[in-house]
Amino acid sequence: MGATVTADQLTTIVAGDQVSIHDLNGKVVFSTISDSYTASFPKSNWGLPNYDGIMIEQDNGALVFHGTKFLFENLGLVHLV
C-alpha cells in the first residue's frame, strides 16, 4: 500500500489515479473534490449536487463511492497506490 494521503493531497487526486480507500483498491473515475472526471463518468451526470466525493472502479468493475465528509474525517484510510 502506498503513502497515506494528507488533506492537501486529497484535493489533488484526479480521475485515473490508483488509490486504496478503506482497503478497497481501484482507479478513480471521478472526484468532485478535484473536479476531475473520466469520459465514461462526465461531470454532467456525476457532479455536484448529486455526488460529492470520489468514485473508484475496482478491477472487477464494481463501483465504490466515498463521500467528501467521510474522506476528510478518515484520511488514514486513503492511500495512493
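Residues numbered from 1 in each chain as written. Predicted model: local features only at pLDDT ≥ 70, side-chain atom pairs only at ≥ 80, totals over all residues. Heavy atoms only, no water.

What follows deals with the packing of aromatic side chains. The tally for this structure, following the rule as stated, stands at 7 aromatic pairs. Where Trp-46 meets Tyr-51, the ring centres are 5.0 Å apart and the plane angle is 45°; that geometry is what we call tilted. Look at Trp-46 and you get buried, because its relative accessible area is 19%. Considering the side-chain rings of Tyr-51 and Phe-65, the 5.5 Å spacing of their centres and the 75° angle between planes classify their relative orientation as edge-to-face. Residue Tyr-51 is located in the loop between α2 (43-46) and β4 (53-57), and its partner Phe-65 is located in strand β5 (residues 63-67); the two are separated by 14 residues in the primary sequence. Overall, the relative accessible area of 32% leaves Phe-65 in the partly exposed class. A network of ring pairs unites the aromatic residues Phe-30, Tyr-37, Phe-41, Trp-46, Tyr-51 and Phe-65 as a single cluster. (Phe/Tyr/Trp six-rings, centres within 6.5 Å; stacked < 30°, edge-to-face > 60°. Buried < 20%, exposed > 50% of the residue type's maximum accessible area, 1.4 Å probe, protein only. Helix = DSSP H or I, 4+ residues; strand = E, 2+ residues; numbered from the N terminus.)

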